[in-house]
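One letter stands for each residue in the lines below.
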Amino acid sequence: MWKKPDERVERGYMLLQAATAEGALGDIPTAYRRAEELAALDTEALTILARVAADFVCRLSLASGPDWTTSKDDNGNLVNIEDRSPERRVFTRRMMAAWSIQDTETFSALLHAACADGQRRHSHLADLFRLTIDEAELHGKRASRPFSVVRQMNKSILKEGLGKEDWNR
């Protein structure tokens, strides 16, 4: 039996698609405003939308696991990026490190901890959505057809957001 999708989640999908399109076209201020709207949604919607955003970023990025939290200096030595990053970006990098190696347990624990923390909830989740927009912008500049970036977002929505039975509704 078909279940009507949650309107808040549906709104989140539309905001993610619009922010991705705006990012791919270079309208970053407008896209970032949408990231703020996304971060203000309720926990249930954020749980789904964060998975969609993480999947989208991983579709476009070559980074995996520790690549999200380390870098190399000029001498080729590994450097912990987290030492120089704001707390919200450390959170985002740790979430992406977990998602990229399919450690959904750690990803969920980080997400739920952020959602439960009234002081960090908005800033930390908005940072995840801003990373999504940054990736859309980067790949939109490279793509001969920027709408292909939005198509990748749609694939992430289908994979992580909608149930298979809802794909053609």
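Details of the structure are given in the entry above.
Everything in this summary refers to the structure shown in the same document. (Residues numbered from 1 in each chain as written. Predicted model: local features only at pLDDT ≥ 70, side-chain atom pairs only at ≥ 80, totals over all residues. Heavy atoms only, no water.)

A look at the overall build of the protein chain
Keep this limit in mind: Note on conventions: DSSP H or I runs of at least 4 residues are helices, E runs of at least 2 residues are strands, and numbering of each starts at the N terminus. Only the C-alpha atoms count toward the radius of gyration. The rule for a globule is 2.2 Å times the residue count to the power 0.38. Exposure classes here rest on a 1.4 Å probe applied to the protein chains alone. A residue is buried below 20% of its type maximum, exposed above 50%, and partly exposed in between. In what follows, residue pairs with any heavy atoms lying within 4.5 Å of each other are defined as contacts. Per-residue accessibility takes into account occlusion by the displayed protein chains alone, with areas from the Shrake-Rupley method and a 1.4 Å probe.
From N to C terminus, the protein chain includes seven helices and two strands. Put simply, the protein chain runs from its N terminus to its C terminus through helices and strands in the order α-α-α-β-β-α-α-α-α. Taken over the C-alpha trace, the protein chain has a radius of gyration of 16 Å; the compact-globule value for 169 residues is 15 Å, and the two agree within 12%. Projecting the C-alpha coordinates of the protein chain onto the three principal axes gives extents of approximately 55 × 40 × 30 Å. Out of the 169 residues in the protein chain, the part that is buried amounts to 44%. Within the protein chain, residue pairs in contact and separated by at least 24 positions form 73% of the contacts whose partners lie at least 6 positions apart. When the accessible surface of the protein chain is split by element, carbon and sulfur atoms take 50% of a total near 9300 Å².

What to know about the packing of helix α1 (residues 7-24) against helix α3 (residues 43-60)
The relative placement of two packed helices is expressed as an angle between their axes plus a distance between the axes. Selection criterion: Axis lines are fitted through C-alpha atoms, for helices just across the contact stretch, and the angle between N-to-C directions can take any value from 0 to 180 degrees. Here the angle decides the label: under 35 degrees means roughly parallel, over 145 means roughly antiparallel, 65 to 115 means roughly perpendicular, and every other value means oblique. By definition, turning the near helix anticlockwise from the far helix through less than a right angle yields a left-handed crossing, and turning it clockwise yields a right-handed one.
One way to put it is that α1 packs onto α3 with a least axis distance of 9 Å and a crossing angle of 30°. Comparing the axis directions of α1 and α3 gives the class roughly parallel. When the axes of α1 and α3 are compared, the crossing they make is right-handed. Where α1 approaches α3, its residues Arg8, Val9, Gly12, Tyr13, Leu16 and Thr20 are matched on the opposing element by Glu44, Ala45, Ile48, Leu49, Val52 and Phe56.

As for unusual backbone geometry
With the exception of glycine, the majority of residues adopt a negative phi angle, and the majority of peptide bonds are in the trans configuration. Of note in this structure, Gln102 is not a glycine but carries a positive phi near 60°. Tracing the backbone through its elements, the reader meets Gln102 in the loop between α4 (87-100) and α5 (104-116). You can call Gln102 exposed: its relative accessible area is 68%.

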